[in-house]
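Close look at the chain arrangement
Below are the chains, spelled out letter by letter.
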Amino acid sequence: MKPPTTLALRATIAAGLAALLAATAGAVPAGAATPGSAPSANSPCPPQNPDLTLPNPPDHGVSQAQVFDRQVTDPSVYGGRVQFVWAALHPDQPPGVVASTYVTVFRNAPLRQYTFEWFKQNHPTWIAYTADRVTPAWEFNNHVYTPLDVGNPEVRQWMFENMIDPKIAEGFKVIAVDNVGVRNDFKRAGHYDEQGNWVQQFSDDPKDPAYIDYLTDWLTYLRDGLHARGVAAAFNITYHGGLHDQYQDDSPEYLAAISRAITISDIWLNEQGFTVHRAENVTDDEWLGTFKLFRKFRCKLMVVDSKLPTDYWYEASPEQREWVVANYFLHREQPTMMASTGLKDYAGFNDVPEQRADIGRPVTPPSKHGPTLWQRRYEHGLTVVNPSSTRSGVLHLPGGTWTDLHGKTYSGSVTVSPSSGLVLSRA
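Throughout, a residue's number is its position along its own chain's written sequence, starting from 1. Side-chain atom pairs in this predicted model are given and counted only at pLDDT of 80 or more, local residue features only at pLDDT of at least 70, and totals for whole chains, interfaces and linings cover all residues. Only heavy atoms go into the side-chain values, all of them from the structure, while hydrogens and water stay out.

With that settled, the discussion passes to the sheet that holds strand S13 (residues 373–378). An order of S12-S13-S14-S19-S16-S17 is seen for the six strands of this open sheet, with the pairing classed as antiparallel. At either end of the open sheet lies a strand with only one pairing partner, and these are strand S12 (367–369) and strand S17 (409–410). When DSSP finds two or more bridges between two strands, those strands count as paired. Numbering of helices and strands runs from the N terminus; a helix is a DSSP stretch of H or I covering at least four residues, while a strand is a stretch of E covering at least two. With two bridges joining them, strand S16 (residues 402–403) and S17 adopt antiparallel strand pairing. In the strand pairing of S17, Trp-402 is matched with Tyr-410. When checking whether two residues touch, look at their non-hydrogen atoms; a contact exists if any pair is within 4.5 Å. What counts as an axis is a line fitted to C-alpha atoms, over the stretch in contact for a helix, and the angles between N-to-C directions run from 0 to 180 degrees. Set on the sheet, helix H7 (residues 318–331) makes contact with S13, strand S14 (381–386) and strand S19 (420–426); between it and S19 the angle comes to about 70°.

In structure tokens form, the structure reads like this:
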């Protein structure tokens, strides 16, 4: 299928965005927040760590990241739009692009030559097992890479010497650490000692405080070891409330644990976004939990990968692609980068035309308007999101004509359908 044509974005000053009328019940003027909406702060984010080589996204437009690059044969296609590559094959990138290299947090990936049998023969005390004391705590039922006890100092040393230090020697300045699960959903229970005795580490509670402390201690050790080498830590920590329905969790313990892990990172990858490879978008309470987490860490270097439900990004509907960008403009700050991927184009550069949108710099923080809509004003336009799965919202616009990301024009009032968003500029 041929990709959509380049969208027409007409940027002008947003004078008069606050001078609005709301005449009907449920109608929401653009710029008038409801009482108690408690908008997030809009103060500038502090500078990033000057001792590390980190991406430097611009403070306007859509800042992009590339998640894996196995299908990118010529990185010049980034064209100044991509600032960071998660899990790059090579450290050398175009000017302005920072590359990271891939490891996993608990396993020996990507080193396939070290099999489970190799560890069992050479380092049997390093293997993490489930409660039956026989089955390794395989992640995602993947038996290629062995789950290791990263609390063991010997394991930590081995991972640095074999998985990390050689990549730093190649020239990588960021280590991308995948699969940082703050719940013990792969049921690690313990390991054996040198005498063959069982060492119980964790209970069957996926939020066992001992497991959370174990994880955050390892992440801290890992980050500090990287910093000592002048290298940054990029952790993939995904909010399970959206990625895996069976792991939905908004408990205080879970939110505290995920916040601890994100705080330790220098760059945070979230493979959820507001789509999650599902036909339906993330909505209602699930949307709110995701949004709050993004805003809590609004000054963290962040990559939000909005995984579309189609094989290729261009097969997703224009409305869903605009939904993704509208949400990005709602929560973004200067350190925020995004990517959009389908099921089969995850490692290719996806030249999504909606991601060329630029409505200037934010003028206000995001805030809730009326019963359903969330909005944020920008220098040259506004973004509006309706995260309700059932209710429409009506937005009254200032005078003149407004244009969305696909050239459709609006004036007067706009009905924002459930689970949809718009990025509007003055025509």
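On we go.
Looking at the second largest pocket, its volume works out to about 260 Å³. Put simply, the grid is 1 Å and covers the protein atoms alone, a cavity is a trapped set of points that fit a 1.4 Å probe, a pocket is an open set with protein on both sides within 12 Å along at least five of seven lines, and lining residues have an atom within 4 Å of a point. Together, 13 residues line the second largest pocket, and Glu-319, Glu-322, Asp-404, Tyr-410 and Leu-422 are the ones closest to its centre. Only H7, strand S18 (413–416) and S19 provide two or more residues apiece to the lining of the second largest pocket. We call Asp, Glu, Lys and Arg charged. Ala, Val, Leu, Ile, Met, Phe, Trp, Tyr, Cys and Pro are nonpolar, and the rest, Gly among them, are polar. A breakdown of the residues in the lining of the second largest pocket according to their chemical character gives four nonpolar, five polar and four charged. Grid points are joined across faces, edges and corners, and a volume is the space filled by probe spheres set on the points.

Attention shifts here to the state of the cysteines. Disulfide: a covalent bond formed between the sulfur atoms of two cysteine residues. Two cysteine sulfur atoms make up a disulfide if the distance between them is within 2.5 Å. Taken as a whole and judged by the stated rule, the model has one disulfide. A sulfur-sulfur distance of 2.1 Å marks the disulfide that ties Cys-45 to Cys-299. The chirality of the disulfide connecting Cys-45 with Cys-299 is left-handed, given an S-S dihedral of about -80°. Here Cys-299 lies in the loop between helix H6 (284–296) and strand S10 (301–307) and Cys-45 lies in the loop between strand S1 (27–29) and strand S2 (64–67), a separation of 254 residues in the sequence. Each residue gets one of three labels from its accessible area relative to the maximum for its type: buried under 20%, exposed over 50%, partly exposed in between, using a 1.4 Å probe on protein chains only. Look at Cys-45 and you get partly exposed, because its relative accessible area is 23%. Classification of Cys-299 by relative accessible area gives partly exposed; the value is 25%.

Looking now at empty space enclosed by the protein. In this structure the tally under the stated criterion is two cavities of 30 Å³ or more. Taken as a whole, the largest cavity holds about 70 Å³ of empty space. If you trace the largest cavity, you find it lined by Gln-64, Ala-65, Gln-66, Val-67, Ala-339, Ser-340, Thr-341, Tyr-346, Gly-348, Phe-349, Asn-350 and Gln-355. Elements that contribute at least two residues to the lining of the largest cavity include exactly S2 and strand S11 (336–341). Here the lining of the largest cavity gets four residues from one element, more than from any other, and that element is S2. For the lining of the largest cavity, the residue count by class is five nonpolar, seven polar and no charged. Its boundaries defined by the atoms lining it, the second largest cavity holds a volume of some 30 Å³. As for the second largest cavity, its lining consists of Gly-273, Phe-274, Val-304, Ser-306, Val-324, Tyr-328, His-331 and Met-338. Looking at the lining of the second largest cavity, the elements with two or more residues in it are S10 and H7. Considering each element in turn, the lining of the second largest cavity owes the most residues, three residues, to H7. Its residues assigned to classes, the lining of the second largest cavity comprises five nonpolar, three polar and no charged.

Here the residue pair Ala-109 and Pro-110 is connected by a cis peptide bond, since its omega of 15° sits within 30 degrees of zero. With respect to the helices, strands and loops of the structure, Pro-110 is situated in the loop between strand S4 (98–104) and helix H1 (116–122). With phi around 65°, Arg-133 is a residue other than glycine that occupies positive phi space. Positionally, Arg-133 belongs in the loop between H1 and helix H2 (153–170). Judged by relative accessible area, which is 40%, Arg-133 ranks as partly exposed. A positive phi angle, close to 65°, is found at Lys-187, a residue other than glycine. The topology assignment puts Lys-187 in the loop between strand S5 (174–178) and strand S6 (190–192). You can call Lys-187 exposed: its relative accessible area is 58%.

Trp-158, Ile-164, Leu-226, Phe-235, Ile-237, Trp-287 and Phe-329 are the most contacted members of the largest nonpolar core, which totals 78 residues. Looking at which element gives the most residues to this core, the answer is helix H3 (residues 209–228), with eight residues. Formed by 24 residues, the second largest nonpolar core is a distinct cluster that contains Phe-84, Val-98, Ala-339 and Tyr-346. By nonpolar core we mean a set of buried residues, namely Ala, Val, Leu, Ile, Met, Phe, Trp, Tyr and Cys, connected to one another through side-chain atoms within 4.5 Å.

Let us look at the pairing of strand S3 (residues 82–86). Counting buried residues in S3 gives five out of five residues, a clear majority hidden from the surface. Pairing of S2 with S3, which is carried by four bridges, proceeds in the parallel orientation. Across the sheet, Ala-65 pairs through a bridge with Phe-84, a residue of S3. As paired strands, S3 and S4 are joined by two bridges and run parallel to one another.

Moving on, we get to the packing of H2 against H3. Interaxial distance between H2 and H3 falls to 12 Å at its minimum, and their mutual angle equals 40°. As judged from the angle between their axes, H2 and H3 are oblique. Classified by chirality, the crossing of H3 by H2 is right-handed. In contact with Arg-156, Met-159, Phe-160, Ile-164 and Ile-168 of H2, H3 contributes Asp-217, Trp-218, Tyr-221, Leu-222, Gly-225 and Leu-226. Any angle that is under 35 degrees is reported as roughly parallel, and any over 145 degrees as roughly antiparallel; angles of 65 to 115 degrees are reported as roughly perpendicular and all others as oblique. With the far helix as reference, a near helix turned anticlockwise by less than a right angle produces a left-handed crossing, and one turned clockwise produces a right-handed crossing.

Here we come to the pattern of salt bridges. Just to be clear on terms, a salt bridge is a Lys or Arg side-chain nitrogen sitting within 4 Å of an Asp or Glu carboxyl oxygen. Tallied over the entire structure, the rule returns 19 salt bridges. A salt bridge links Asp-217 to Arg-156; the nearest nitrogen and oxygen atoms lie 2.7 Å apart. Of this pair, Asp-217 sits in helix H3 while Arg-156 sits in helix H2, placing them 61 residues apart in sequence. Classification of Asp-217 as partly exposed rests on a relative accessible area of 44%.

That's the geometry; what it means functionally is another story.
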